[in-house]
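# Fold and geometry: a report
Chain by chain, the residues:
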Amino acid sequence: IDVIPTVRVKDIGHQRRADPREPATLAVDMPANGDHEDYLRARLERRPSALPRATPLPRQDSSMLSALVEADCLLVRAARAQPAVAGTPCEIIRL
């Protein structure tokens, strides 16, 4: 007889992490977004006494591991976001 141990998982003091999003500005113009929230791989330009500037990487294909290695943040684009010009406030998630 094979006996498979049963593991009970309890939510003991599990706390939600705070929202990891931070403010930044767009370094380039962005087109309107589709029906889903997008997380674009991007590079941050740190600027003294100003918000960092986020530049999306040119290739966003999910199979492009090199783009993920090059990225230091994700640029968050809301579902149905209108076109945005460079300098517009945006949200990022640091990697």
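Residues numbered from 1 in each chain as written. Predicted model: local features only at pLDDT ≥ 70, side-chain atom pairs only at ≥ 80, totals over all residues. Heavy atoms only, no water.

### Description of the nonpolar core
Here is the rule: Here the nonpolar core consists of buried residues drawn from Ala, Val, Leu, Ile, Met, Phe, Trp, Tyr and Cys, with membership extended through side-chain atoms lying within 4.5 Å. Each residue is assigned to one of three classes by its accessible area relative to the maximum for its type, calculated with a 1.4 Å probe on protein chains only: buried under 20%, partly exposed between the two thresholds, exposed over 50%. Think of it this way: any DSSP run of H or I at least four residues long counts as a helix, any run of E at least two long counts as a strand, and we number them from the N terminus. It only takes one pair of heavy atoms within 4.5 Å for two residues to be counted as in contact.
Counting 12 residues, the largest nonpolar core is built from A24, L26, M30, L40, A42, L44, A54, C73, L75, A84, C90 and I92. Broken down by secondary-structure element, the contributors of at least two residues to this core are β1 (21–26), β2 (38–45), β4 (73–77) and β5 (89–94). Sort the elements by how many residues they give to this core and β2 lands first, with three residues. Setting aside residues up to four positions removed in sequence, A84 forms contacts with L26, V28, D29, M30 and R77.

### Some remarks on the pairing of strand β3 (residues 53–56)
Applied cut-off: By the convention used here, strands pair only if DSSP detects at least 2 bridges between them.
Residues A54 and P56 of β3 are buried on one face, while the alternating residues R53 and T55, pointing to the opposite face, are not. Looking at chain direction, β1 and β3 are connected through two bridges and run parallel. In the strand pairing of β3, L26 is matched with A54. By the bridge criterion, four bridges tie β2 to β3 in an arrangement that is antiparallel. Looking across to β3, one finds that E45 is bridged to R53.

### What to know about the side chain of R77
Short version of the rule: In this charge count, Lys and Arg are treated as positive and Asp and Glu as negative; neither His nor the chain ends contribute. Any carboxyl oxygen of Asp or Glu that lies within 4 Å of a side-chain nitrogen of Lys or Arg is treated as forming a salt bridge with it.
Take R77: it is sitting in strand β4. As a buried residue without a salt bridge, R77 has its nearest oppositely charged side chain in D38, at a separation of 6.7 Å. Here R77 is in contact with M30, P31, A32, N33, H36, E37, D38, L40, Q82 and A84, once residues within four sequence places are set aside.

### Considerations on the side chain of R41
As for its position among the elements, R41 is in strand β2. Residue class for R41 comes out buried when judged on its relative accessible area of 12%.

### A few points about a nonpolar patch on the surface
Note the cut-off: Residues with no salt bridge and a relative accessible area higher than 30% make up the patches, which join like charges within 9 Å and nonpolar side chains (Val, Leu, Ile, Met, Phe, Trp, Tyr) within 5 Å. Throughout, the Shrake-Rupley method with a 1.4 Å probe supplies accessible areas, and for residues the shown protein chains are the sole cover considered.
Nonpolar side chains collect at one region of the surface, where L65, L68 and L95 lie side by side and expose about 330 Å² of accessible area between them. Of note, L95 is situated in the segment after β5. Since its relative accessible area comes to 57%, L95 is described here as exposed.

Shape is all these values report; function is a separate question.
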